[in-house]
Every structure is written in C-alpha cells, then in structure tokens.
Amino acid sequence: KSLAILSAVLVGLSACKKEDPQNPPMGIPTEFYISGNLQGKQVEAKTDSPSNISANAGLTCLITLDDPQEYALIGIGSTVFYSAADILALKGKSLNYGMGRDQALFVWLENGGMLSSNFTAQDGNSSFKITDVVEVGTNATGEKTFALRGTFQCKVKDNVNAVTTNMLSGNFTILVAENSI
C-alpha cells in the first residue's frame with residue numbers, strides 16, 4: 001500500500017512543471033518595447049499600437065519615441081529572409097551582433113544622434129538572447145507575425161561624436177514578420 005502511495009506521489013510530482021518566475025511563458029503581448037540602461041540612463045521605447053511597429057524584411061522592429069523622427073530598433077539578420085519556421089527556431093538562441101543570418105543589431109536614434117551596435121566592435125560582455133517566440137497573427141500583406149522576447153547588452157557608438165558607450169540590462173518584446181521570398 002505504501003508503495004502505491006509513493007508511486008502516486010512521484011507521478012504527481014513528475015507531472016508538475018515548475019515555471020521560471022523570472023521568465024514565465026509568453027502569451028500574445030499587448031505591449032511591445034525595447035528598454036535598458038543606455039549611457040547610465042534608463043531608457044524605454046514602447047507601444048501598444050502595431051501601427052508604430054515596422055515588421056519588415058529581415059526581422060526588424062522599429063518603435064518610435066515621442067518624436068516620430070526618433071526611435072529604437074532591433075534587427076535580426078537584416079539582410080536575410082526568414083520563414084515562419086526560421087523565426088520559431090530562434091527561441092532560446094543566443095546571437096552575435098552583426099548584419100548576417102542570426103546576428104543582431106541595436107539602434108537608438110534620439111536628439112539627432114544615432115547610437116548603434118553596428119558602429120563598433122563588441123566584446124565578451126555583449127550578449128543577445130531570444131528567450132521566447134509566439135505567433136501573433138498575420139499582417140496586412142498576409143505574412144505571419146511573431147512576438148519575440150529577450151535580453152541583450154552591447155557596446156554602441158555615437159555617429160556624431162564617435163563616443164563608445166554601453167547598453168546594459170536590455171530587454172525587449174518586439175513584433176516581426178516572416179519574409180515573403
């Protein structure tokens with residue numbers, strides 16, 4: 001009898017899946033954002049309106065700031081086509097910075113200056129990880145859209161003053177679309 005109880009307890013425990021409280025599974029998001037500590041200052045670009053989000057070729061998400069000429073951008077494989085299967089396969093991947101397949105790009109454009117991860121070499125402290133991917137629906141042209149959530153940090157260089165600084169503790173939930181080939 002005690003063996004049956006022990007078996008039932010073990011089956012019950014193995015059926016429970018413990019979720020990571022720091023990274024719960026993502027449902028369909030109602031808000032998209034890019035945030036972090038840039039040049040020692042907490043920054044955030046966010047929107048709940050997909051009209052402010054550009055889901056283009058490559059995997060690019062641009063979120064405007066208060067001024068429509070200012071924005072934050074995350075791009076993945078900016079020169080590469082991605083299918084829905086390719087996008088789903090990004091879940092859990094750590095990416096390097098660059099412009100090629102499965103490489104990341106971060107840009108912050110504000111007050112007439114652009115800070116970009118593409119303007120400077122990255123170091124061992126730079127990271128970019130996609131922690132979750134969920135299909136959201138389709139865009140106006142019928143391409144499947146996906147929300148990607150993740151973390152990042154990188155070196156960025158100012159295109160005006162050529163000063164290199166860091167983007168630390170970056171987080172994002174962005175919208176991207178599969179590419180029509």
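K.L.:
Looking at this model, I keep getting lost on the nonpolar core. Mind explaining?
P.N.:
One broad trend across soluble globular proteins is that nonpolar side chains are buried collectively. In terms of nonpolar packing, the biggest core is built from 38 residues, with Phe128, Leu148 and Phe152 touching the most fellow members. Broken down by element, this core gets its largest block of residues, 6 residues, from strand β9 (residues 144-158). Once residues lying within four places of it in the same chain are set aside, the contact partners of Phe152 are Ile34, Ser35, Ile74, Tyr97, Phe106, Ser127, Phe128, Met167, Ser169, Gly170, Asn171 and Phe172. The next biggest cluster of nonpolar side chains, apart from the first, holds 5 residues, and it includes Tyr71, Leu73, Leu105 and Val107.

K.L.:
Help me understand the packing of aromatic side chains in this model?
P.N.:
For any pair of aromatic rings, geometry is given as the distance between the ring centres together with the angle between the planes. Taken as a whole and judged by the stated rule, the model has 5 aromatic pairs. Ring geometry for Phe152 versus Phe172: centroids 6.1 Å apart, planes at 50 degrees, classification tilted. With a gap of 20 residues between them, Phe152 in strand β9 and Phe172 in strand β10 (residues 164-177) connect regions that are remote in the sequence. Each member of the pair, Phe152 together with Phe172, is buried. Site record: aromatic cluster; members linked through ring pairs are Tyr97, Phe106, Phe128, Phe152 and Phe172. Here the basic side chain of Arg101 rests over the ring of Tyr82, its NZ or CZ set 4.6 Å away from the ring centre.

K.L.:
Quick question: what am I supposed to make of the pairing of β9 here?
P.N.:
When a strand is regular, its side chains alternate between the sheet's two faces. Here strand β7 (residues 113-116) pairs with β9 via 2 bridges, running antiparallel. Counted as the bridge partner of Ser116 is Lys157 from β9. By the bridge criterion, 10 bridges tie strand β8 (residues 127-138) to β9 in an arrangement that is antiparallel. Across the sheet, residue Glu135 finds its bridge partner in β9, namely Phe146. Between β8 and β9, which pair antiparallel and follow one another directly, the connecting turn spans 5 residues, one of which, Gly142, has a positive phi of 85 degrees. Between β9 and β10, which follow one another and run antiparallel, lie 5 residues, and Ala162 among them has a positive phi close to 55 degrees.

Criteria and thresholds
Residues numbered from 1 in each chain as written. Predicted model: local features only at pLDDT ≥ 70, side-chain atom pairs only at ≥ 80, totals over all residues. Heavy atoms only, no water. Core = buried A, V, L, I, M, F, W, Y, C linked by side-chain atoms within 4.5 Å. Buried < 20%, exposed > 50% of the residue type's maximum accessible area, 1.4 Å probe, protein only. Helix = DSSP H or I, 4+ residues; strand = E, 2+ residues; numbered from the N terminus. Contact = heavy atoms within 4.5 Å. Phe/Tyr/Trp six-rings, centres within 6.5 Å; stacked < 30°, edge-to-face > 60°. Lys NZ or Arg CZ within 6 Å of the ring centre and 35° of its normal. Pairing = 2+ DSSP bridges.

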